[in-house]
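Chain and residue survey
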Amino acid sequence: MNRQLKKTSALAITLMALVGNAYAGAGACPPTNALKDAFKKTPSGEVVAYTASGPGGQQWTGQNPMTEQTDLHQVQFEKAVIQSSQGQSSVACHYLDQNHEPVSMTLKNQANAKPVGSAWTGNECKVTNPALCTFE
């Protein structure tokens, strides 16, 4: 009995480690309160640049010349889209500010991103909670 308990315990620990590693590379669109904004000078004028922390130390980035800096705290999540081309992929998370101007955040990956979970229809995720638009 003691030997069987040890085997069962070892199997359970191994399965937990495997499951933990399976989710280690997963990411999701950043919540609206995680978006950081700053004015950025470009040759065509001033734009608002956005950043947010991404999975595995990566960085979400975006910019919009139409959105005012103060509008950022009132954005609402609209959808996420996975785009792939020639083995490279990116995930774009789309938000709308209070004036219905788009704010898009992009995370570029080295390998093809894949949708995870039932919130996705193909490569598009349209839910109100960005945390449900998970990918790996």
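Above this text sits the structure in question.
Rules used in this analysis
Residues numbered from 1 in each chain as written. Predicted model: local features only at pLDDT ≥ 70, side-chain atom pairs only at ≥ 80, totals over all residues. Heavy atoms only, no water. Helix = DSSP H or I, 4+ residues; strand = E, 2+ residues; numbered from the N terminus. Buried < 20%, exposed > 50% of the residue type's maximum accessible area, 1.4 Å probe, protein only. Contact = heavy atoms within 4.5 Å. Areas by Shrake-Rupley, 256 points an atom, 1.4 Å probe, with all protein chains shown as cover. Disulfide = S-S within 2.5 Å. Pairing = 2+ DSSP bridges.

1. Regarding the overall build of the protein
Within the protein, the secondary structure is distributed over one helix and eleven strands. Reading the protein from its N end, one meets helices and strands in the order α-β-β-β-β-β-β-β-β-β-β-β. Taken across its 136 residues, the protein has 29% of its residues classed as buried. Residue pairs at least 24 apart in sequence account for 47% of intrachain contacts in the protein once pairs closer than 6 positions are excluded. Put simply, the protein shows about 8,800 Å² of open surface, and 55% of that area lies on carbon and sulfur atoms.

2. With respect to the state of the cysteines
Applying the stated rule across the entire model yields two disulfides. With a sulfur-sulfur separation of 2.1 Å, cysteine 125 is cross-linked through a disulfide to cysteine 133. Judged by the torsion about the S-S bond (-80°), the cysteine 125/cysteine 133 disulfide is left-handed. For the pair formed by cysteine 125 and cysteine 133, the shared burial category is buried.

3. Describing the pairing of strand 7 (residues 102–109)
Going residue by residue along strand 7, you find Val103, Met105, Leu107 and Asn109 tucked away on one face and Pro102, Ser104, Thr106 and Lys108 left uncovered on the opposite face. Examined bridge by bridge, strand 6 (residues 88–96) and strand 7 share eight bridges and lie antiparallel to one another. Its bridge partner lying in strand 7, histidine 94 is registered against serine 104. The turn linking strand 6 back onto strand 7 is made up of five residues, and histidine 100 within it adopts a positive phi angle of 65°.

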